[in-house]
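So the chains spell out like this:
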Amino acid sequence: MTFENLNIILPIREALTKKGYINPTPIQEKSIPFILDGKDVFGCAQTGTGKTAAFALPILQLFHAKQLAKKTPGIKALILAPTRELAIQIGESFTDYGTNINVKHTVIFGGVSQGNQTRALQQGVDILIATPGRLMDLMNQGFIKLHTIEFFVLDEVDRMLDMGFIRDIQRIITKLPIKRQTVFFSATVPPEIKKLANGLLQNPVSVQVAAISAPAEAVKQSMYYVEKQDKKELLKMVLEKENINHALVFMRTKHGANKLVKELVKYGISAEAIHGNKSQSARQKALEGFKNRTIKLLVATDIASRGIDVDKLTHVINYELPEVAETYIHRIGRTGRAGEGGTAISFCASEEKAYWKDILKLVGNVVITETTPKFTTVRPAEAPEPERKRNFGNNRRFSGKRKF
Ligand code: AMP
């Protein structure tokens, strides 16, 4: 399958060639024909599958075909994303894919002053990419009207709901014209997502590229049983043993992320934290440093990590396991993107065993290497089954059902 087979027009195909895209990814193959055909789409795709292009390419093409940019003034496409980072990234994708198409887009998000954003809006915008909070804010101030919208995209809806945006989304929807095309992407589909989609989409086509909640297959997963106080030591060992020079490290809390960064820096390991308490410029700086590899470890909380797209990210380290199993899938989906291999390493302390159990239930039959490093102070009552207790580096593989 090629982009030409999908009827993507030459100016967009040329832009894709420049990006090095040769073939469409499965989610692109499945969604693009329907979106081009004017259908509502409900897409279930995890991050890293190429879902941004799956909606951006047909939207750009329809703009071109319908000459929407020249039609009447007003915003014609609204793309909602949960985080600033994801919104910025979607904006960059529109810039790249739309380089030969005459459309103006802009990105708006909170945490920065609104001056540049309102100026861009006043100059006229065809495609608006926004986080819900800032969008509501600028709508309330009268800078944004949505009655001209023809395309509405909700990206990473599960995350938006997790972040408490449901009310904002509901209010935004009331301002959209009834006659519009809607595309809805979510990595997971719990009942509340289904309900929201049912109310929003008209006769949608469902497209799905992986079993719901299945982790990216390309990611090699392993887990170490290690007590909390030994995790730093283990991190150092794993970095050395696996020769890791670049990894995204996950923490549950902002405070934990800051603390770990301080300790890593003390050890002489370059690290920066990225989370919601950091200013937008501090986040961007950390992300840039990580992307250009002046920073070895980027220590992130889950919310901040959404939308971080680092080409060729080889390692994700779950220094702390997430409380919600599905978050594990989002985390490990940061690596193994667009079919490239990746490694996810998780550290599980005694008090996190219940989380690990939930994760195993969710990932199903995936092979995960489990190890207990020699030095860790696992209390006997909580130690994993004896046959699983093995020295660092002496791993055995398990698949299927595991017991604690
Ligand atoms: P996304 O899931 O939209 O965040 O995309 C994940 C990554 O895949 C991004 O780095 C994209 O640039 C890349 N990508 C998207 N579509 C393709 C494609 N058809 N070929 C190669 N890479 C792609």
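In this convention, every chain numbers its residues from 1, walking through the sequence in written order. The predicted nature of this model means local features are confined to residues of pLDDT at least 70 and side-chain atom pairs, given and counted, to a pLDDT of 80 or more, with totals for whole chains, interfaces and linings taken over all residues. Water and hydrogen atoms were dropped before computing side-chain values, which therefore reflect all heavy atoms in the structure.

(A) Fine view of the site of the ligand. Taken together, 15 residues surround the ligand, and among them Y21, N23, Q28, G50 and T52 come closest. Two N or O atoms form a polar contact when they lie within 3.5 Å of each other; inside protein one atom must be a possible hydrogen donor and the other a possible acceptor, and for residues adjacent in sequence the pair counts only when both atoms belong to side chains. Here an oxygen atom of the ligand sits 2.5 Å away from a polar atom, N or O, in the side chain of Y21. Under the convention used here, a 1.4 Å probe and the Shrake-Rupley method define accessible areas, while residue burial counts only the protein chains that appear. Contact with the protein chains removes 85% of the 490 Å² of surface that the ligand exposes when unbound. Of the residues that constitute the shell around the ligand, the class distribution is four nonpolar, seven polar and four charged. Throughout the structure description, domain borders are defined by an automatic or database domain assignment. Among the domains, domain 1 (10-208) and domain 2 (219-382) are the pair contributing at least three residues each to the shell around the ligand. Here a residue counts as near a molecule or strand whenever at least one of its heavy atoms sits within 4 Å of it. Three categories are distinguished: nonpolar for Ala, Val, Leu, Ile, Met, Phe, Trp, Tyr, Cys and Pro, charged for Asp, Glu, Lys and Arg, and polar for the others, with Gly belonging to the last.

(B) Molecular detail of the pairing of strand β1 (residues 41-44). Three exposure classes are used, based on accessible area relative to the maximum for each residue type with a 1.4 Å probe and protein chains only: buried under 20%, partly exposed in between, and exposed over 50%. Elements are defined by DSSP. Helices are runs of H or I of four residues or more, strands are runs of E of two residues or more, and each kind is numbered from the N terminus. Of the two faces of β1, the one holding V41 and G43 and the one holding F42 and C44 are both buried throughout. Strand pairing is assigned whenever DSSP identifies at least 2 bridges connecting the two strands. As paired elements, β1 and strand β6 (residues 181-186) share four bridges and run parallel to each other. Looking at the pairing, G43 lines up with F185 of β6. One ladder, built from four bridges, connects β1 with strand β7 (residues 205-208); its direction is parallel. Bridging across to β7, C44 finds its partner in Q208.

(C) A look at the sheet that holds strand β2 (residues 77-80). Strand order in the open sheet formed by seven strands is β3-β4-β2-β5-β6-β1-β7, and the pairing between neighbours is parallel. The open sheet is flanked by β3 (105-108) and β7, the only strands paired with a single partner. In this sheet, neighbouring strand axes are inclined to one another by 15° on average, regardless of whether the strands run parallel or antiparallel. Where β3 meets strand β4 (residues 127-130), four bridges bridge the pair, whose relative direction is parallel. Counted as the bridge partner of I108 is A130 from β4. Axis lines are fitted through C-alpha atoms, for helices just across the contact stretch, and the angle between N-to-C directions can take any value from 0 to 180 degrees.

(D) Broad picture of the nonpolar core. We call a set of buried Ala, Val, Leu, Ile, Met, Phe, Trp, Tyr and Cys residues a nonpolar core when their side-chain atoms join them within 4.5 Å. In terms of nonpolar packing, the biggest core is built from 41 residues, with F55, L57, I59, F94 and I127 touching the most fellow members. It is helix α3 (residues 51-66) that contributes the most residues to this core, nine residues altogether. Working rule for contacts: check all heavy atoms of both residues, and any pair within 4.5 Å makes them a contact. When residues no more than four places from it in sequence are discounted, the contact partners of F94 are F55, A56, I59, L60, I79, T99, H105, I127 and I129. Counting residues in each nonpolar core, the second largest holds 34 residues, with V125, L138, I193 and L200 among its members.

(E) Seen up close, the pairing of β6. Of all the six residues making up β6, six are buried; the element is thus mostly covered by neighbouring parts of the structure. Burial of β6 is two-sided: the residues Q181, V183 and F185 facing one way and the residues T182, F184 and S186 facing the other way are all buried. Where strand β5 (residues 151-154) and β6 come together, four bridges link them in parallel fashion. Its bridge partner lying in β6, L154 is registered against F184.

(F) Inspection of the environment of M160 at higher detail. By secondary structure assignment, the location of M160 is in helix α7 (residues 157-162). Note: C-alpha distance between M160 and P132 (28 residues apart in sequence) is 8.6 Å. When near neighbours in sequence (up to four residues on either side) are disregarded, M160 contacts L80, A81, P82, P132, L154, D155, F165 and I169.

(G) Local environment of the pattern of salt bridges. The term salt bridge refers to a side-chain nitrogen of Lys or Arg lying within 4 Å of a carboxyl oxygen of Asp or Glu. Counting across every chain of the model gives 13 salt bridges. Across the pair R13 and E4 runs a salt bridge whose closest N-O atoms are separated by 3.9 Å.

(H) Unusual backbone geometry, seen in detail. Located in the positive-phi region is N203, a residue other than glycine, with phi close to 40°. Tracing the sequence through the fold places N203 in the loop between α9 (191-200) and β7. Positive phi outside glycine occurs at R293, with the angle close to 65°. Turning to its location among the elements, R293 is positioned in the loop between α12 (280-291) and β11 (297-300).

(I) Spatial organisation of the packing of aromatic side chains. Note on ring pairs: Phe, Tyr and Trp rings are taken, using the six-membered ring of Trp, and paired if centres are within 6.5 Å. Classes follow the plane angle, with under 30 degrees stacked, over 60 edge-to-face and the rest tilted. Within this structure, the stated rule accounts for seven aromatic pairs. On the basis of an interplanar angle of 45° and a centroid distance of 6.1 Å, the ring pair of F55 and F185 is categorised as tilted. Taken together, the residues span a long stretch of sequence, with F55 in helix α3 and F185 in strand β6 at a distance of 130 residues. Exposure remark for F55: the relative accessible area of 0% places this residue in the buried category. On the basis of relative accessible area, F185 is assigned to the buried category, the value being 1%. Connected via pairs of aromatic rings, a cluster forms that spans Y224, Y319 and F347. The ring of Y319 carries K231 above its face, with NZ or CZ at 5.8 Å from the centroid. Between the NZ or CZ atom of K236 and the centre of the ring of Y267, over which it lies, the distance is 4.1 Å. By the criterion adopted, a ring carries a charge over it if an Arg CZ or a Lys NZ lies within 6 Å of its centre and within 35 degrees of its normal.

Coordinates in, geometry out; function isn't part of it.
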